[in-house]
Amino acid sequence: MYMIDPSGVYYGYKGCAIGKAKQAAKTEMEKLEFSNMNIRELVKEAAKIIYMVHDEVKDKAFELELSWVGEDTNGLHQRVPDDIFAEAETFAKNSLKEDSDSEIDES
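Bear in mind the structure is a predicted one, so any value in this text is a computation, not a measurement.

This structure, assessed with the given rule, holds 1 aromatic pair. On the numbers, 5.1 Å between centres and 55° between planes, the contact of Tyr-51 with Phe-62 is tilted. Taken as a pair, Tyr-51 in helix H2 (residues 39–53) and Phe-62 in the loop between H2 and strand S3 (67–68) lie far apart in primary sequence, 11 residues in all. Among the residues examined, Phe-62 registers a relative accessible area of 33% and is labelled partly exposed. Sitting over the ring of Phe-91, Lys-44 keeps its end group 5.6 Å from the ring centre.

The following block contains the structure:
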């Protein structure tokens, strides 16, 4: 994957984040072992990270959209199929719920 800065400079990554919460997203990505995960697992983790770094108080509501490039798409950029998208979004929301439930239990 390549990230291109507005200046035209580009960098190669296994995963990258841009925008307001990029540092929090980068921190979460550093915990993942990309080479040991398949593309479906990576899509789930991407959705989870997006939901995790979104601040419901400060940020506007958002609609999650996911796309990918890989062997499953013959190297073409495509939207993630609906069934995989639904699975990833459910995984992300359930992970957040579990995290908030565990914080309540620790109190």
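Structure's up, so let's keep going.
Tallied over the entire structure, the rule returns 3 salt bridges. Measuring nitrogen to oxygen at the nearest pair gives 3.1 Å for the salt bridge that ties Lys-31 to Glu-28. Ionic pairing is found between Glu-87 and Lys-44, a salt bridge with its closest N-O pair at 3.0 Å. Of this pair, Glu-87 sits in helix H3 (residues 82–106) while Lys-44 sits in helix H2, and the two are 43 residues apart along the sequence. Given a relative accessible area of 24%, Lys-44 falls into the partly exposed group.

Our next topic: helix H1 (residues 22–30). Buried residues of H1: Ala-25, Glu-28 and Met-29, and no others. One side of H1 carries all its buried residues, which in axial view fall inside an arc of 100°. In this structure, H1 carries Gln-23 and Glu-30 as exposed residues pointing more than 90 degrees from its buried face. On the buried face of H1, the contacting elements are H2.

Counting 11 residues, the largest nonpolar core consists of Val-43, Ala-47, Tyr-51, Leu-64, Leu-66, Trp-68, Val-80, Ile-84, Phe-85, Ala-88 and Ala-92. Among the elements of the structure, H2 and H3 are those that each provide at least two residues to this core. Element by element, the count of residues in this core is highest for H3, at 4 residues. Excluding its chain neighbours within four sequence positions, the residues that come into contact with Ala-88 are Val-43, Lys-44, Ala-47 and Leu-66. Counting 6 residues, the second largest nonpolar core, distinct from the first, contains Ala-17, Met-29, Leu-32 and Met-37.

What counts, and at which threshold
- Residues numbered from 1 in each chain as written.
- Predicted model: local features only at pLDDT ≥ 70, side-chain atom pairs only at ≥ 80, totals over all residues.
- Heavy atoms only, no water.
- Phe/Tyr/Trp six-rings, centres within 6.5 Å; stacked < 30°, edge-to-face > 60°.
- Helix = DSSP H or I, 4+ residues; strand = E, 2+ residues; numbered from the N terminus.
- Buried < 20%, exposed > 50% of the residue type's maximum accessible area, 1.4 Å probe, protein only.
- Lys NZ or Arg CZ within 6 Å of the ring centre and 35° of its normal.
- Salt bridge = Lys/Arg side-chain N within 4 Å of Asp/Glu carboxyl O.
- Arc of directions from axis to C-beta.
- Contact = heavy atoms within 4.5 Å.
- Core = buried A, V, L, I, M, F, W, Y, C linked by side-chain atoms within 4.5 Å.

Such coordinate-based values are descriptive only and should not be taken to indicate function.
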